[in-house]
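One-letter residues, chain by chain:
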Amino acid sequence: MLSYEKNPISEIAVAPMTPIGQSDTSSVSPVKDNLWIRFMSNIGWYPSGMDSAEKLLVLKLDLSILVFGCLSFFTKYLDQQSLTNAYVSGMKEELKIFGNEFNYITITFWASYCTAMIPACYYLTHYPANIVLPALEFGWGISTLGLGFVKNVDAVYGLRFLVGLFECCSFTGTIYVIGSWYKPGEIGRRIAFFFISSPLGTMFAGYLQAAAYKNLNGVHGYSGWRWLFIIDAIITIGISIFGFIIFPDVPSRRKPILLSPAEQVLAQKRLASFAAPAQLKLSRDIFRRVLGRWHFYAFVTLWTVLDQNILPGGAPFSLYLKAHSPQTYSVVQVNTLPTITTAISVVAAIICGIAADRIGRFWPLALLVTCPVLVGMILLNVWDIGERGRLAAFMLTGFMGPLSPMSMGWATTIMQNDAEERAVVTASMNAIGQAIMAGTQVVQYPAKGAPRWISGFKSSLATTVLQVFVILGILYLSNRDKKRAKIAQDRESGGAISEAGAAAVSGLDHK
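Conventions adopted
- Residues numbered from 1 in each chain as written.
- Predicted model: local features only at pLDDT ≥ 70, side-chain atom pairs only at ≥ 80, totals over all residues.
- Heavy atoms only, no water.
- Helix = DSSP H or I, 4+ residues; strand = E, 2+ residues; numbered from the N terminus.
- Contact = heavy atoms within 4.5 Å.
- Salt bridge = Lys/Arg side-chain N within 4 Å of Asp/Glu carboxyl O.
- Buried < 20%, exposed > 50% of the residue type's maximum accessible area, 1.4 Å probe, protein only.
- Phe/Tyr/Trp six-rings, centres within 6.5 Å; stacked < 30°, edge-to-face > 60°.
- Axes fitted to C-alpha atoms, helices over the stretch in contact; angles between N-to-C directions.
- Parallel < 35°, antiparallel > 145°, perpendicular 65-115°, else oblique.
- Nonpolar A, V, L, I, M, F, W, Y, C, P; charged D, E, K, R; others polar.
- Core = buried A, V, L, I, M, F, W, Y, C linked by side-chain atoms within 4.5 Å.
- pLDDT = per-residue confidence, 0-100.
- Patch = residues over 30% accessible without salt bridge, like charges linked within 9 Å, V, L, I, M, F, W, Y side chains within 5 Å.
- Areas by Shrake-Rupley, 256 points an atom, 1.4 Å probe, with all protein chains shown as cover.
- Expected span 1.5 Å × (residues − 1).

Engineer: Describe in detail the overall build of the protein chain, supporting the description with residues and values.
Structural biologist: Helix and strand counts for the protein chain stand at 19 helices and two strands. Within the protein chain, residue pairs in contact and separated by at least 24 positions form 82% of the contacts whose partners lie at least 6 positions apart.

Engineer: Give a detailed account of the pattern of salt bridges, specifying residues and quantitative values.
Structural biologist: Scanning the entire structure with this criterion turns up six salt bridges. Arg-270 is the salt-bridge partner of Glu-54, the closest N and O atoms lying 2.7 Å from each other. Linking Glu-54 in helix 2 (residues 52-95) with Arg-270 in helix 9 (residues 261-270), this pair joins segments that are 216 residues apart in sequence. In this structure, the salt-bridge partner of Arg-226 is Glu-94, at a minimum N-O distance of 3.1 Å. In this pair, Arg-226 sits in helix 8 (residues 224-246) while Glu-94 sits in helix 2, placing the two residues 132 residues apart along the sequence. Its relative accessible area of 37% is what places Glu-94 among the partly exposed residues.

Engineer: Tell me about the packing of aromatic side chains, residues and numbers included.
Structural biologist: Here a ring pair, both rings aromatic, is described through the centre-centre distance and the interplanar angle of the planes. Taken as a whole and assessed by the stated rule, the structure comprises 23 aromatic pairs. Relative to Phe-457, the ring of Trp-453 lies with its centre 6.1 Å away and its plane at 90°, an arrangement referred to as edge-to-face. Grouping residues by exposure puts Trp-453 and Phe-457 together as buried. Members of the aromatic cluster, connected to one another through ring pairs, are Phe-317, Tyr-320, Trp-383, Phe-394, Tyr-445, Trp-453 and Phe-457.

Engineer: Mind laying out the packing of helix 2 against helix 9, listing which residues take part and the relevant values?
Structural biologist: Viewed as axis vectors pointing N to C, helix 2 and helix 9 meet at an angle of 95°, and their least axial separation amounts to 11 Å. With respect to helix 9, the axis of helix 2 lies roughly perpendicular. On helix 9, the residues that touch Ala-53, Glu-54, Leu-56, Leu-57, Val-58, Lys-60 and Leu-61 of helix 2 are Glu-263, Leu-266, Ala-267 and Arg-270. Per-class residue counts for the contact of helix 2 with helix 9 are seven nonpolar, no polar and four charged.

Engineer: Describe the nonpolar core, with residues and values.
Structural biologist: Grouped together as the largest cluster of nonpolar side chains are 122 residues, with contacts concentrated most on Met-91, Tyr-182 and Phe-299. With residues near it in sequence (within four places) discarded, Met-91 still touches Leu-83, Ala-86, Lys-96, Ile-97, Val-156, Trp-225 and Phe-229.

Engineer: So what's going on with the confidence of the model for the protein chain? Residues and values would help.
Structural biologist: Mean pLDDT over the protein chain stands at 81; residues scoring 70 or higher make up 85%. Note on residues 1-23: pLDDT is under 50 here. Beyond four places in sequence and across chains, it has 89 contacts. Counting contacts from residues 275-280, a segment whose pLDDT is below 50, to residues more than four positions away or on other chains yields 16 contacts.

Engineer: Which residues make up the side chain of Thr-464, and what values go with them?
Structural biologist: Structurally, the position occupied by Thr-464 is in helix 19 (residues 454-510). According to the relative accessible area criterion, Thr-464 is buried, its value standing at 0%. The residues contacting Thr-464, other than those within four sequence positions of it, are Asn-309, Thr-370, Val-373, Leu-374 and Met-377.

Engineer: Outline the environment of Pro-134, supporting the account with residue identities and numerical values.
Structural biologist: With respect to the element layout, Pro-134 can be found in helix 4 (residues 129-147). For the pair formed by Pro-134 and Ser-170, sequence separation is 36 residues and the distance between their alpha carbons is 9.3 Å. In this structure Pro-134 touches Phe-68, Ala-129, Ser-240, Gly-243 and Phe-244, once residues within four positions along its chain are discounted.

Engineer: Please set out unusual backbone geometry residue by residue, giving values where relevant.
Structural biologist: The residue after Ser-325, namely Pro-326, is reached through a cis peptide bond having omega 5°. Inspection of the secondary structure puts Pro-326 in the loop between helix 12 (315-323) and helix 13 (331-336). Note the cis peptide between Ala-450 and Pro-451, where omega equals 15°. Mapped onto the elements of the fold, Pro-451 is located in the loop between helix 18 (419-444) and helix 19. With a phi close to 55°, Lys-96 is a non-glycine residue in the positive phi region.

Engineer: Describe a nonpolar patch on the surface, with residues and values.
Structural biologist: A surface patch of nonpolar side chains, amounting to about 980 Å² of accessible area, comprises Leu-63, Val-67, Leu-71, Ile-131, Phe-138, Ile-142, Ile-241, Phe-242, Phe-244, Ile-245, Ile-257 and Leu-258. Every element with two or more residues in the nonpolar patch is listed here: helix 2, helix 4 and helix 8. Looking at the nonpolar patch, the element that brings in the most residues is helix 8, giving four residues. Here Ile-245 is to be found in helix 8. The exposed category is assigned to Ile-245, whose relative accessible area is 55%.

Engineer: Tell me about helix 14 (residues 338-359), and name the residues and values.
Structural biologist: Compared with an ideal rise of 1.5 Å per residue, which puts 22 residues at 32 Å, helix 14 spans 32 Å between its outermost C-alpha atoms and is within 8% of the ideal. Of the residues making up helix 14, those classed as buried are Pro-338, Thr-339, Thr-341, Thr-342, Ser-345, Val-346, Ala-348, Ala-349, Cys-352 and Ala-356. Looking one or two places after helix 14, you find Gly-360, whose phi comes out positive at around 70°.

Engineer: I'd like a rundown of the environment of Arg-270, residues and numbers included.
Structural biologist: With a relative accessible area of 4%, Arg-270 lands in the buried category. Between the C-alpha atom of Arg-270 and that of Lys-183, which follows or precedes it by 87 residues, the distance is 8.0 Å.

Right under this line is the structure:
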C-alpha cells in the first residue's frame with residue numbers, strides 16, 4: 001500500500017463551499033481595502049462576501065504562489081518551445097540533425113517527463129514544496145544552459161532527457177500548492193491564469209529567438225539559436241532563485257515570508273472546513289473503485305484526444321514554415337508567425353474561463369471552441385486553399401487552448417466527492433495523454449514529412465470529430481449520475497417522511 005501525505009489535485013474541491021465572509025479574522029488587525037484590492041474586487045477577483053482582512057491575505061497568497069507558479073510554468077514552455085525555434089533557426093544544419101531525429105529528441109524529453117511524474121509528485125508531498133520546486137527549476141535551467149554549448153546531437157538527447165526529468169513536477173507541484181492554500185471557490189480562476197502561462201511562454205520563445213537571431217547571431221562566435229538557450233537558462237535560473245525566496249510551503253508547515261504570524265493562523269483557520277486527510281492511502285479498493293467507474297476512461301480519453309488535436313499548431317506549423325524558408329518566409333517570420341496561434345489560445349482561454357465561471361458549465365464552451373478547430377483541420381486536409389488559407393488553418397488550431405483547463409476543471413467538479421478517485425484520474429489524464437502524444441507525433445508528423453502530412457492531418461481531423469462525441473458522452477453520463485443521485489435522495493427523503501409518519505401514528509395510538 002502506498003501512502004501520500006497530500007495530493008497535487010485532491011485538495012481542489014473536497015467539500016461544499018461555505019460562506020467566505022464568515023472566516024475568523026479576529027486575530028488579524030482591522031484593515032481597509034487598498035486601491036489594488038478595490039480594483040480587483042470590482043472586476044470580481046474576490047467574492048463579494050469576503051472581508052478586507054481576508055482579501056489582503058489572499059492578495060499576499062497570490063503574490064507568493066501565483067507569481068512564481070506562473071513564471072515557472074512560463075519558463076517550462078519557454079524552454080520546451082525553444083528547441084523547435086532553435087531547430088528551424090540553424091540548429092538542424094549546424095548539428096546535422098537528419099530525418100526524424102528531431103522527433104526522437106522530443107520523445108526523449110517526454111519519456112523522462114512522463115516516467116518521473118508520479119514519483120516526483122510523491123517526493124513533493126513529503127518534502128518542502130518551497131525547496132523542491134525551485135530546486136527542480138534550477139536543474140532544468142542548468143540543463144537548458146548546456147544546450148547552448150552542445151557539439152553533437154547525442155548531447156542534445158542527454159540534456160533534453162534531463163530537462164524532462166526536472167520539469168516533470170512543475171505542473172502538478174504548483175496545482176498541489178494552490179490546492180493547499182485556497183478555498184475551492186477561489187481556485188478556478190487561479191488555475192486559468194496558471195494555464196495561460198504556458199502559451200505565453202511558447203509565444204515569447206518565438207519573439208526571443210527572432211531577436212536572438214537578428215541581434216546576437218555570431219556574437220562571441222555563438223549562433224543565434226545557441227544564444228536562445230543561454231538567455232532561456234538565465235531567465236529560468238533567475239526565477240528559481242526568486243522561488244527560493246518567495247514561494248511558500250503548504251500551510252501546515254513553514255510560514256510564507258509575506259504573511260504575518262496572525263495571517264498564517266487565519267490562512268489555516270479558513271481552510272479548516274476543506275482540509276484533506278493527512279494521509280492519502282492508495283489501496284486496492286481505490287483502484288477498483290476508479291477502474292469500475294466511467295470517469296477514468298472518459299476523461300483520460302478526452303485529455304488524450306485534445307493532446308492529439310493540439311499537435312498541428314505546434315511543431316508541425318513551425319516545420320511547415322521552415323520548409324518554405326527563406327524563399328517565402330524569413331527566419332524571423334518562421335519564429336514569430338506561430339505566436340499568433342499561441343495568442344489565440346491565450347485570449348480564448350481567458351474568455352472561456354470567465355464564461356465558465358459565470359454559466360457554471362464547461363461543456364457548452366468545450367463544444368464551441370472545437371468548432372473552429374474542426375474547420376482548421378478540414379482546411380488542412382483540403383490543402384489546396386492558397387498560402388493564406390493554410391496559414392489560417394494552422395492558426396485556427398489555437399482554439400484548442402481552453403480545452404486543457406476546462407477538461408481539468410470539469411473532471412475535478414464531477415469527482416469532487418471522491419478525493420482519491422480525483423487524484424488518480426487527473427494524474428492519469430496528464431501522464432497517459434502526454435505519453436501517447438509523444439509516441440504518435442513521430443508517426444503523424446515526422447520532421448521529414450514537412451510541409452504536408454497527409455496521414456497526420458487525417459488522423460487529427462478524426463480525433464477532432466471524436467472530441468465532440470467524447471464531450472457529449474461525458475455530458476450524458478454526468479447528467480445520468482445526477483438523475484440517479486436525485487432519485488436516491490428522493491427515496492431516502494420519502495422513507496424518512498414515512499418513518500416519521502408511522503412514529504406519529506404510533507404515538508397517537510398509545511394515547
